Amino acid sequence: MADNDYSPGVRRYVEQGRQQLAAAAAGRRRLRGMKFDTLAVHGCYGMDAARENRGSINEPLYLSSAQHFENSDHMEAALAYLMPSWTYSRIANPTLGYLEETLALLEGYGFPGDVSACAVASGMAAIFLATNPLLADRRRGEKINLVAGSKCYGGTFMLFSERYAAERGIDVRWVRNPLDLDEWRSLIDDRTRFVFAEMPSNPGLAVCDIEALAELAHAVDAPLIVDSTVATPALLRPLCLGADIVVQSVSKSLNTGGLAIAGAVIARHQIPAKVGPPELRANYAGYLKLLPGRDFGPALSPFNALMILNDLRTLRAKMDRLSRNALRVACFLQDHPQVERVSYPGLAGDPGHALASRYMWLADGEDDYGEPVNRYGHLLAFTVRGGVGSARNMFDRLRLIWRATDLGRIKSIATIPAISTHQQQGEQGRDLAGIVPNLVRLNVGGEHPDDIIADLDQALAGGPLNP
Ligand SMILES: *Cc1c(COP(=O)(O)O)cnc(C)c1O
């Protein structure tokens, strides 16, 4: 309906909404001039917002399931999405809104255009929400495909291969070597709905050329989706490199304390897409939030949103420190006789080192170090000499490093992907993803690196388990 089909009462609220949107846009423009740390610490929650919240210097926690409306006109305008409102916590919530604005600011840091974010209950919910609408509108029998790097998170592998390929008959085309542009090029065609890559990948730390992939995807009017959970916006901002959509498992390094699970889709405005209404292309994250998100219902708890906001204020400093720790641990492992191979893009001998060095920079690092500095994150993987038995023995001997299927933490954590995160995809799937049975994934935490190294050293020494 056009605006003037509504009653004067509704139109007054629409006008009020326009003013709110203009004020929010002006606020965002002001924030554009600020540095990464300032955006992480404050997000869009400043003194004007505090005035509406009894002066609270922290974002308030709105646990209420629903919003009260002043009258029926207000309700009608809000529910027709004619004015910014939050309505009901499955659709939107003010506390969630602060997290979404912050994520959009950080992922959009240095990007010249508009960026929006939609926060949901897990990283997998974000990946489902980001991809599912792009697979809609299949005319009877139409063959459609998606092209994705096979070096990816186990959950993503299962979503694409089980839910999309096996259940729906979508042609899921896995790229075995994400570094090989010819392989990507040979699989992307006119029926490709989206191109998907992890950078760097979990658990293998494979990298890919985001700029080149964006070019290949855009040539067939498909968006490039990048999962940059392992890097976080403190080290890599795919939107600045040509990607259209970023997905984050906010459960990980954006939330090092590990007290909440969450995910987010962060997208630039005006994305290429073969399907959907104009609103989908105009503001994909906003579209996901108000329409598919409303209908699927993967809402994030406002409590979790606040836990995450509180943790990510120090993101950049943590990613700097944790990356430096990880490089030291990677160098130690590389020289250890019990270790076959270390995958870490920060190591000069890593096949992805050159690309990672082109793309992964500590945001505003020149302000700390006098020149820009590369940082490669705090996830690494290594294979233990002697096969799966030796790998399990080493794993079972760890005393400081936790055994858990978790990463992104301020605490060091190790896992064996073949029996945990990548168990369900089976041997063939693991082969495709490059996961061998003696591969150990290590999340290097914020402990002193000497203590992390000492624990690895005693564990790698082998021998009987301690009583
Ligand atoms: C953990 C992870 C996910 C899934 O996130 P959840 O929050 O656990 O649902 C997706 N991608 C990557 C790279 C991950 O590490």
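Per an unreviewed UniProt entry, the protein goes by O-acetylhomoserine (Thiol)-lyase and derives from Geothermobacter hydrogeniphilus. Word for word, the UniProt comment on the protein under Sequence similarities (unreviewed entry) is "Belongs to the trans-sulfuration enzymes family." On record in UniProt, under Cofactor (unreviewed entry), the comment for the protein is "pyridoxal 5'-phosphate".

Caption draft 1: Broad picture of unusual backbone geometry. Residue Met 199 is joined to Pro 200 through a cis peptide bond whose omega torsion reads -20°. Put simply, Asn 202 and Pro 203 share a cis peptide bond, and its omega is 10°. Mapped onto the fold, Pro 203 is located in the loop between strand 4 (192–198) and helix 9 (210–219).

Caption draft 2: Region of the structure containing the nonpolar core. Core analysis: the largest hydrophobic core is formed by 93 residues, its most contacted members being Ile 210, Leu 333, Phe 382, Leu 442 and Leu 456. Counting contributing residues per domain, this core is built from domain 1 (90–312) and domain 2 (315–461), each supplying no fewer than three. Those residues in contact with Leu 456 that lie beyond four places of it in its chain are Val 329, Phe 332, Leu 333, Phe 382, Leu 398, Ile 401 and Leu 442.

Caption draft 3: Focus on the site of the ligand. Gly 123, Asp 227, Ser 249, Ser 251 and Lys 252 are the nearest of the 13 residues found near the ligand. Between the ligand and Asn 202 there is a distance of 2.9 Å, counted from an oxygen atom to a side-chain nitrogen or oxygen. In the environment of the ligand, an oxygen atom lies 2.6 Å from a nitrogen or oxygen atom belonging to the side chain of Ser 251. Across the complex, the protein chains shield 93% of the 380 Å² of accessible surface that the ligand would expose by itself. With three residues, the single largest contributor to the shell around the ligand is helix 6 (residues 123–131). Of the residues contributing to the shell around the ligand, the split by class is four nonpolar, six polar and three charged.

Caption draft 4: Inspection of the domain arrangement of the protein at higher detail. Taken domain by domain, the protein holds domain 1 (90–312) and domain 2 (315–461). On a C-alpha basis, the centroid separation for the pair domain 1 and domain 2 is 24 Å. Contact residues are listed per partner, giving 41 residues for domain 1 and 43 residues for domain 2. Buried area between domain 1 and domain 2, both sides added, is near 3300 Å², and the carbon and sulfur share of it is 65%. Along the contact surface separating domain 1 from domain 2 lie four salt bridges. With a closest N to O distance of 3.5 Å, Asp 209 and Arg 358 form a salt bridge. Applying the counting rule to domain 1 against domain 2 returns 19 residue pairs in polar contact (both at pLDDT 80 or more). Contributing elements (two or more residues each) for the side of domain 1 that touches domain 2: helix 7 (154–168), helix 9 and helix 13 (302–312). A per-element tally of the side of domain 1 that touches domain 2 places helix 7 first, with three residues. The class makeup of the residues in the side of domain 1 that touches domain 2 is 23 nonpolar, 11 polar and seven charged.

Caption draft 5: Broad picture of the packing of aromatic side chains. Scanning all chains against the criterion turns up 10 aromatic pairs. Judged by centre distance (5.5 Å) and plane angle (75°), the rings of Phe 36 and Tyr 109 are edge-to-face. Taken together, the residues Phe 36 in helix 2 (residues 36–42) and Tyr 109 in the loop between helix 5 (94–107) and strand 1 (115–120) connect sequence positions 73 residues apart. For the pair Tyr 45 and Tyr 98, a centre-to-centre distance of 5.1 Å together with 80° between the ring planes defines the contact as edge-to-face. Linking Tyr 45 in the loop between helix 2 and helix 3 (47–51) with Tyr 98 in helix 5, this pair joins segments that are 53 residues apart in sequence. Both residues of the pair, Tyr 45 and Tyr 98, count as buried. Through pairs of rings, three or more aromatic residues link up here, namely Phe 157, Phe 160, Tyr 164, Trp 174, Phe 194 and Phe 196. One Lys or Arg, Lys 252, reaches over the ring of Tyr 153 and ends 5.0 Å from the middle of that ring. Sitting over the face of the ring of Tyr 369, Arg 375 holds its NZ or CZ atom 5.0 Å from the ring centroid.

Caption draft 6: Molecular detail of the side chain of Ser 253. Mapped onto the secondary structure, Ser 253 falls in the loop between strand 6 (245–249) and strand 7 (263–268). A residue is classified by how much of its surface remains accessible, and Ser 253, at 2% relative accessible area, is buried. In contact with Ser 253, other than residues within four places in its own chain, are Thr 232, Leu 315, Met 319, His 378 and Gly 408.

Caption draft 7: The arrangement of the packing of helix 6 against helix 7 in detail. At a closest axis distance of 10 Å, the pairing of helix 6 and helix 7 adopts a crossing angle of 40°. Between helix 6 and helix 7, the angle falls in the class oblique. Seen along the crossing, helix 6 lies across helix 7 with a hand that is right-handed. Contacts between helix 6 and helix 7 involve Met 124, Ile 127, Phe 128 and Thr 131 from the former and Gly 155, Thr 156, Leu 159, Phe 160, Tyr 164 and Arg 168 from the latter. Looking at the contact of helix 6 with helix 7 residue by residue, the classes come out as six nonpolar, three polar and one charged.

About the criteria used
- Residues numbered from 1 in each chain as written.
- Predicted model: local features only at pLDDT ≥ 70, side-chain atom pairs only at ≥ 80, totals over all residues.
- Heavy atoms only, no water.
- UniProt positions renumbered as here; feature names shortened; annotations may be inferred.
- Helix = DSSP H or I, 4+ residues; strand = E, 2+ residues; numbered from the N terminus.
- Core = buried A, V, L, I, M, F, W, Y, C linked by side-chain atoms within 4.5 Å.
- Buried < 20%, exposed > 50% of the residue type's maximum accessible area, 1.4 Å probe, protein only.
- Domains from an automatic or database assignment.
- Contact = heavy atoms within 4.5 Å.
- Near = heavy atom within 4 Å.
- Polar contact = N/O pair within 3.5 Å; in protein donor to acceptor, adjacent residues only side chain to side chain.
- Areas by Shrake-Rupley, 256 points an atom, 1.4 Å probe, with all protein chains shown as cover.
- Nonpolar A, V, L, I, M, F, W, Y, C, P; charged D, E, K, R; others polar.
- Buried area = accessible area lost by both parts, 1.4 Å probe.
- Salt bridge = Lys/Arg side-chain N within 4 Å of Asp/Glu carboxyl O.
- Phe/Tyr/Trp six-rings, centres within 6.5 Å; stacked < 30°, edge-to-face > 60°.
- Lys NZ or Arg CZ within 6 Å of the ring centre and 35° of its normal.
- Axes fitted to C-alpha atoms, helices over the stretch in contact; angles between N-to-C directions.
- Parallel < 35°, antiparallel > 145°, perpendicular 65-115°, else oblique.
- Left-handed = near helix turned anticlockwise from the far one by under 90°.

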